[in-house]
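# Report on the structure
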Amino acid sequence: QRLEDEQLLKGTGQYTNDVVPAGQQRLFFVRSPYAHARIVSVDTSAAKAMPGVSLVVSGDELRTAGVKPMPGVANFTRADGSPAAFARRHILATERVRFVGEAIVAVIAATEQQARDAAEAVLIEFDELPCAVTLTDALASNAPLISDAPDNRVAETRYGDVQATAQAFDSAAHVVQLNITNQRVVALTIEPRTVLAYPENGRLMVRLSSQMPTGVRSSVCDLLGLPTDKVRVLVGDVGGGFGMKTGAYPEDIVVAYAANYLQQPVKWVADRNEEFLSSAPGRDIEAHVALALDTSGKILALRVNTLTNLGAYPSMTGAAIQMLIGPWVQTSVYDIGLIDFHFVGVMTNTTTTGAYRGAGRPEAIFNIERLMDEAARQTGMDRIALRRRNFIHPDQMPYKNAMSMVYDSGQFEHVMNQGLALADWDGFAAREAASKKHGKWRGLGIATFLEWTGGNALEEKVTVAVGADGMVEIFSAVQQ
């Protein structure tokens, strides 16, 4: 049974902005109007003298104070085997800004209006630089470089057997190819990102709208150099997340720093402009995909070449979603033994991409389902029969796909049959004819979605020990 509905529908829920400690200060960010520019100078003297202002801080000041930059991409390499390339992201920009909306200065004052007014008094001189906001721009031979790497390629991953796949395509009766774009999408939550930090009993309390409180705590402690027992993160009701509120943002760390420095409560509530400019969007990939089939419609091999826009400051989350997790399910519910996958992560002068609504899996499924429909069109086969021909069967379980992901169970044809019956698939022609009499169009589509779950935590061992004094100790270890 769901537990939260009654309180939320009656307006008795508690969101971060509902909590207002005594002496609360409000924070406002000064953000970049440029996609790419050198920061020539930052003058905060007038802002510091404005009414109600308690603190104005820049990226250089935070760096001098020892605040670490955000983590980048690990465990991925470039084509030559060198470590992944990325620009180091400070929680407030230093030296250069790399996307429109990047935070440069934080202003803290007694009220939100005072913070906004003081932010207007911050003077920043920029030297505008050439920018690359599309994948094509970023990969051009004369593209402006976003990091210190020789090009804007962050990392590349390759999966499968290139030679065997090529041979399968050469011998195939049918080859189907498509260029597919999964456009960038912004998560629009009813509750914008909201962060409140305040000191309490010797600890820094951080209350925020987040899907990952322990991840936020780890980031706050690491970047600010605080022990974990001195930071507590609280999450109440969350007005939508959709993946966008996963992990820590630079703004979260700035709020925590300001509260710890001032030893006063500090709150930031993002406005809609800030959310569109700086919260993590999803997807933004361009893929060339191809399917090889024999005369009966059996899939022989699948080839995927994808460019993924990781934004100005590529993150581990953004890279893993498109270059690892998406590929895990790319073959979906179909028995495809041969693959050739090539994924390239690219830096651009745009907001850093991250998790959103399925995080890599919807893009992968869109690729394969579009290919299945196109194969049916080009070969003249029925699209339902083509899917039946290629489903993984229950007697193949447990089934290991070409990415070595194990499916423990699945009756994919049975599920499709249920869907066809519930949708009255066979009655579509009559419904279409009736619609045409009224000058209306009616369409019919089908797609099968395969989700990956479990975080690869496949086995958990728990030991319970009861002491003579009645104390119970529980030891838990997850086997990867």
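Presented here is an overview of the structure given in this document.

Quick notes on the rules
Residues numbered from 1 in each chain as written. Predicted model: local features only at pLDDT ≥ 70, side-chain atom pairs only at ≥ 80, totals over all residues. Heavy atoms only, no water. Helix = DSSP H or I, 4+ residues; strand = E, 2+ residues; numbered from the N terminus. Buried < 20%, exposed > 50% of the residue type's maximum accessible area, 1.4 Å probe, protein only. Contact = heavy atoms within 4.5 Å. Areas by Shrake-Rupley, 256 points an atom, 1.4 Å probe, with all protein chains shown as cover. Lys, Arg positive; Asp, Glu negative; His and termini not counted. Charge placed at Lys NZ, Arg CZ, Asp CG, Glu CD. Pairing = 2+ DSSP bridges. Core = buried A, V, L, I, M, F, W, Y, C linked by side-chain atoms within 4.5 Å. Axes fitted to C-alpha atoms, helices over the stretch in contact; angles between N-to-C directions. Parallel < 35°, antiparallel > 145°, perpendicular 65-115°, else oblique. Polar contact = N/O pair within 3.5 Å; in protein donor to acceptor, adjacent residues only side chain to side chain. 1 Å grid on protein atoms, 1.4 Å probe; cavity = no way out; pocket = protein on both sides within 12 Å on 5 of 7 lines; lining within 4 Å. Points joined across faces, edges and corners; volume = space filled by probe spheres on them. Nonpolar A, V, L, I, M, F, W, Y, C, P; charged D, E, K, R; others polar.

Regarding its fold elements, the chain presents 14 helices and 19 strands. Once the C-alpha set of the chain is aligned to its principal axes, its extents read approximately 75 × 70 × 55 Å. The buried share of the chain, reckoned over its 480 residues, is 51%. Taking all contacts inside the chain whose residues are at least 6 apart in sequence as the whole, residues at least 24 apart take part in 79%. A total accessible area of about 23,000 Å² is found for the chain, and carbon and sulfur atoms account for 51% of it. Between the averaged position of the 44 positive side-chain charges in the chain and that of its 53 negative side-chain charges there is a distance of 3 Å.

Bringing the sheet that holds strand β6 (residues 123-128) into the picture now. Spatial ordering of the open sheet is given by β4-β2-β6, a layout of three strands whose pairing is antiparallel. For this open sheet the edge positions go to β4 (96-97) and β6, each flanked by a neighbour on one side alone. Two strands pair when backbone bridges link them, and strand β2 (residues 37-43) and β6 are joined in this way by six bridges, in the antiparallel orientation. When the sheet's bridge partners are listed, R38 is paired in β6 with D127.

Turning next to the nonpolar core. With 56 residues, the main nonpolar core has L291, L302, Y334, F341 and F412 as its most contacted residues. If one sorts the elements of this core by residue count, helix α11 (residues 361-379) sits on top with seven residues. Excluding anything up to four places from it in sequence, L291 contacts F169, H174, V175, V176, I299, A301, L302, I368, L371 and M372. I108, L208, V220 and L226 belong to the second-largest nonpolar core, a separate cluster that totals 37 residues.

When two helices pack together, their arrangement is captured by the angle between the axes and the distance separating the axes. At a minimum axis separation of 10 Å, helix α12 (residues 383-390) and helix α13 (residues 412-422) run at an interaxial angle of 160°. With respect to α13, the axis of α12 lies roughly antiparallel. Contact residues: I384, R387 and R388 in α12; E413, M416, N417 and L420 in α13.

Structurally, the position occupied by T165 is in helix α6 (residues 162-171). With relative accessibility at 0%, the residue T165 sits in the buried group. At 2.7 Å, the side chain of T165 and the backbone oxygen of D161 are in polar contact. For T165, the residues in contact, after removing those within four places along its chain, are A301, L302, R303, L338, I339 and D340.

Residues M397 and P398 are joined by a peptide bond in cis, for which omega reads -5°. Looking at the element boundaries, P398 is found in the loop between α12 and β16 (399-400). Although it is not a glycine, S332 sits at a positive phi angle of roughly 55°. Mapping S332 onto the fold places it in the loop between α10 (316-328) and β15 (339-347). Look at S332 and you get buried, because its relative accessible area is 0%. Its identity as a non-glycine residue notwithstanding, A359 has a phi of 45°, on the positive side. As for its position among the elements, A359 is in the loop between β15 and α11.

The next point concerns empty space enclosed by the protein. Applying the stated criterion across every chain, the model contains five cavities of 30 Å³ or more. What lines the largest cavity is simply I285, V304, T306, Q322, G326, P327, Q330, F343, G360, E363, A364 and N367. Only β14 (299-311), α10 and α11 provide two or more residues apiece to the lining of the largest cavity. Here the residues of the lining of the largest cavity sort into five nonpolar, six polar and one charged.

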